[in-house]
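The primary structure of each chain is shown beneath.
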Amino acid sequence: MMRLVLAAALAALPLSAMAQQGAQVQFGGMQQDTRAPVEVTADHLQVNQSDGTALYTGNVIIAQGDMRLSAPRVLVVYAEAAGRIERLEATGGVVMVSGSEAAEAERADYNIEAGQVVMSGNVLLTQGPNALTSERMTVDLEDGTARMSGRVKTVLQQQDDAQTGGGQ
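Just so it is clear, the model here is predicted, and its values are computed rather than measured.

Peer 1: Is there a simple way to think about the overall build of the protein in this case?
Peer 2: Helix and strand content of the protein: 2 helices and 10 strands. If you list the helices and strands of the protein from N to C, you get α-β-β-β-β-β-β-β-β-β-β-α. In the protein, buried positions account for 40% of the 168 residues. Restricting the contact set of the protein to residue pairs at least 6 apart, pairs at least 24 apart contribute 44%. For the protein, the computed accessible surface area is about 9,500 Å², with 50% contributed by carbon and sulfur atoms.

Peer 1: Explain the side chain of Thr-91 to me, please; I cannot follow it from the model alone.
Peer 2: Within the secondary structure, Thr-91 is located in strand β6 (residues 85-98). By relative accessible area, Thr-91 is classed as buried at 17%. Discounting chain neighbours no more than four positions away, the residues touching Thr-91 are Ala-71, Pro-72, Arg-73, Glu-106 and Arg-107.

Peer 1: Please clarify how the pairing of strand β10 (residues 145-155) should be interpreted in this entry.
Peer 2: When strand β9 (residues 130-140) meets β10, the two strands line up antiparallel, connected through 8 bridges. In the strand pairing of β10, Asp-140 is matched with Thr-145. Hairpin connection from β9 to β10: 4 residues lie between these consecutive antiparallel strands, with Gly-144 at a positive phi of about 70°.

Peer 1: I would appreciate a short explanation of the environment of Ala-102 in the present structure.
Peer 2: Position of Ala-102 among the secondary structure elements: in strand β7 (residues 101-111). Along the sequence, Ala-102 and Met-67 sit 35 residues apart, while their C-alpha atoms lie 9.8 Å from each other. Sequence-distant contacts of Ala-102, that is, excluding residues within four places in its chain, are made with Met-96, Val-97, Leu-124, Leu-125 and Thr-126.

Peer 1: Hey, could you run me through the side chain of Gln-64 in this one?
Peer 2: Relative to the helices and strands, Gln-64 is located in strand β4 (residues 53-64). Owing to a relative accessible area of 1%, Gln-64 belongs among the buried residues under this scheme. There is a polar contact of 2.4 Å between the side chain of Gln-64 and the side chain of Tyr-110.

Peer 1: Teacher, can you tell me more about the nonpolar core here?
Peer 2: Across soluble globular proteins, nonpolar side chains have a tendency to be buried as a group. Val-74, Leu-88, Val-117, Met-119 and Met-137 are the most contacted members of the largest nonpolar core, which totals 30 residues. Where this core is concerned, the elements lending two or more residues are β4, β5 (67-78), β6, β7, β8 (116-127), β9 and β10. With near-sequence residues (within four places) excluded, Met-119 lies in contact with Val-94, Met-96, Ala-103, Glu-104, Ala-105, Arg-107, Ala-108, Glu-135, Arg-136 and Met-137.

Peer 1: Help me out: how do you make sense of the pattern of salt bridges in this one?
Peer 2: A pair can form between side chains of opposite charge whenever their charged atoms are brought close. The tally for this structure, following the rule as stated, stands at 5 salt bridges. The closest approach of N and O atoms between Arg-84 and Glu-113, which form a salt bridge, is 2.4 Å. You can see Arg-84 sitting in the loop between β5 and β6 and its partner Glu-113 sitting in the loop between β7 and β8, a full 29 residues away along the chain. In this structure Glu-113 comes out as exposed when scored by relative accessible area, which is 58%.

Peer 1: What should I look at first to understand the pairing of β7 in this one?
Peer 2: Two faces belong to every sheet, and in a regular strand the side chains alternate between them. As defined by bridge partners, β6 adjoins β7 across 10 bridges and the pair is classed as antiparallel. By the bridge assignment for β7, Arg-87 is matched with Asn-111. Between β6 and β7, which pair antiparallel and follow one another directly, the connecting turn spans 2 residues, one of which, Gly-99, has a positive phi of 60°. When β7 meets β8, the two strands line up antiparallel, connected through 9 bridges.

What counts and what doesn't
- Residue positions are given per chain, counted from 1 along the sequence in the order it is written.
- Only residues with pLDDT of at least 70 get local features here, since the model is predicted, and only at 80 or more are side-chain atom pairs given and counted; chain-wide, interface and lining totals rely on the full set of residues.
- As a convention, hydrogens and water are excluded, and side-chain values are obtained from all of the structure's heavy atoms.
- Only DSSP runs of H or I covering at least 4 residues are called helices, and only runs of E covering at least 2 are called strands; the numbering of each starts at the N terminus.
- Each residue's exposure class comes from its accessible area (1.4 Å probe, protein chains only) as a fraction of the maximum for that residue type: buried when under 20%, exposed when over 50%, partly exposed otherwise.
- In this analysis, two residues are considered to be in contact whenever any of their non-hydrogen atoms come within 4.5 Å of each other.
- Under the convention used here, a 1.4 Å probe and the Shrake-Rupley method define accessible areas, while residue burial counts only the protein chains that appear.
- Should DSSP find at least two bridges between two strands, the strands are taken to pair.
- The definition of a polar contact used here is a pair of N or O atoms within 3.5 Å, where within protein one atom must be able to donate a hydrogen and the other to accept one, and adjacent residues in sequence count solely through side-chain atom pairs.
- Joining through side-chain atoms within 4.5 Å is the link that ties buried Ala, Val, Leu, Ile, Met, Phe, Trp, Tyr and Cys residues into a set, and such a set is a nonpolar core.
- Whenever a carboxyl oxygen of Asp or Glu lies within 4 Å of a side-chain nitrogen of Lys or Arg, that contact is scored as a salt bridge.

Structural measurements only, silent on function.
Structure representation (structure tokens):
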């Protein structure tokens, strides 16, 4: 449903959009301490001791610092050293939110040690009134930047003179 609302909002935006093959954007709200505790909430949990994974399903919400990630299914892969999460693989329609920035995609892979989230499949990033779409977005959580690739479309809202204090 959220994808439909965001898609409708994108369709209503002016066509003065900028399209390009790749773009690097500030993602300051996503700057994150990757050593912060990770909290996972879900309807179901299935643990596999033999391969060191835990599968969370049903209304999965992952919280780490100010970042929230939700998806229907998240596979948590643990590192060889017990008790440390190596990566998270979220699928089935993913929403990641931090501050006023939000991103949606079909899949998200979060490598905690590298401090990197790769979102793929119909990525939609909203930053206030502006929106960007692409096939892939790589977020560097340490420096707060994101790189988008795969037919990037950017829609920037123009401020009128009344909003900027100009005019007359």
